[in-house]
Amino acid sequence: MTIERFESRPRMSQAVVHNGIVHLAGQVGNDKTASVGDQTRQILADIDRLLALTGSDKTQLISALVWLADMRDYDAMNEVWDAWTEEGCAPARACTEAKLAPGWIAEIMVTAAVK
């Protein structure tokens, strides 16, 4: 079995494909001053980009892990998530509160099947 790594750096790769499964690193927004809704939109855009790079897309999602710095942002994050997720293609998902790096209020990591 081959392992393909995408956007690799010394510490991590943004995506790894093995055995037909895409594993993305946790994605965070690019604007630390943005609201949770805007950070979530930025994150999901990066997820779309990385999935396309690896031969997949959001209809192939298997699982998602969502971390929020404050669970009071749960509804605002879900509003963006629900608009992004394709009907009938929602992954298994967990969401929890976590202390994130300064400035980030949301982080999302997904796995998906290669198309």
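Keep in mind the model is a prediction, meaning the values are calculated, not measured. (Residues numbered from 1 in each chain as written. Predicted model: local features only at pLDDT ≥ 70, side-chain atom pairs only at ≥ 80, totals over all residues. Heavy atoms only, no water.)

What follows is about the pairing of strand E7 (residues 106-113). Within a regular strand, side chains alternate between the sheet's two faces. As defined by bridge partners, strand E3 (residues 21-24) adjoins E7 across three bridges and the pair is classed as antiparallel. Each bridged residue has a counterpart across the sheet, and for Val22 the counterpart in E7 is Ala112. As judged from the two bridges shared by strand E4 (residues 27-28) and E7, these two strands associate in the antiparallel manner. Residue pairing for E7: Gln27 is matched across the bridge by Ile108. Pairing between strand E5 (residues 61-68) and E7: seven bridges, direction antiparallel. Counterpart to Leu68 in the pairing with E7 is Ala106. (Pairing = 2+ DSSP bridges. Helix = DSSP H or I, 4+ residues; strand = E, 2+ residues; numbered from the N terminus.)

Attention now goes to the environment of Leu53. By the secondary structure assignment, Leu53 is in helix H1 (residues 36-53). With a relative accessible area of 43%, Leu53 lands in the partly exposed category. Along the chain, Leu53 and Ala69 lie 16 residues apart, while their C-alpha atoms are 29 Å from each other. Apart from residues lying up to four places away in sequence, Leu53 is in contact with Phe6 and Glu7. (Buried < 20%, exposed > 50% of the residue type's maximum accessible area, 1.4 Å probe, protein only. Contact = heavy atoms within 4.5 Å.)

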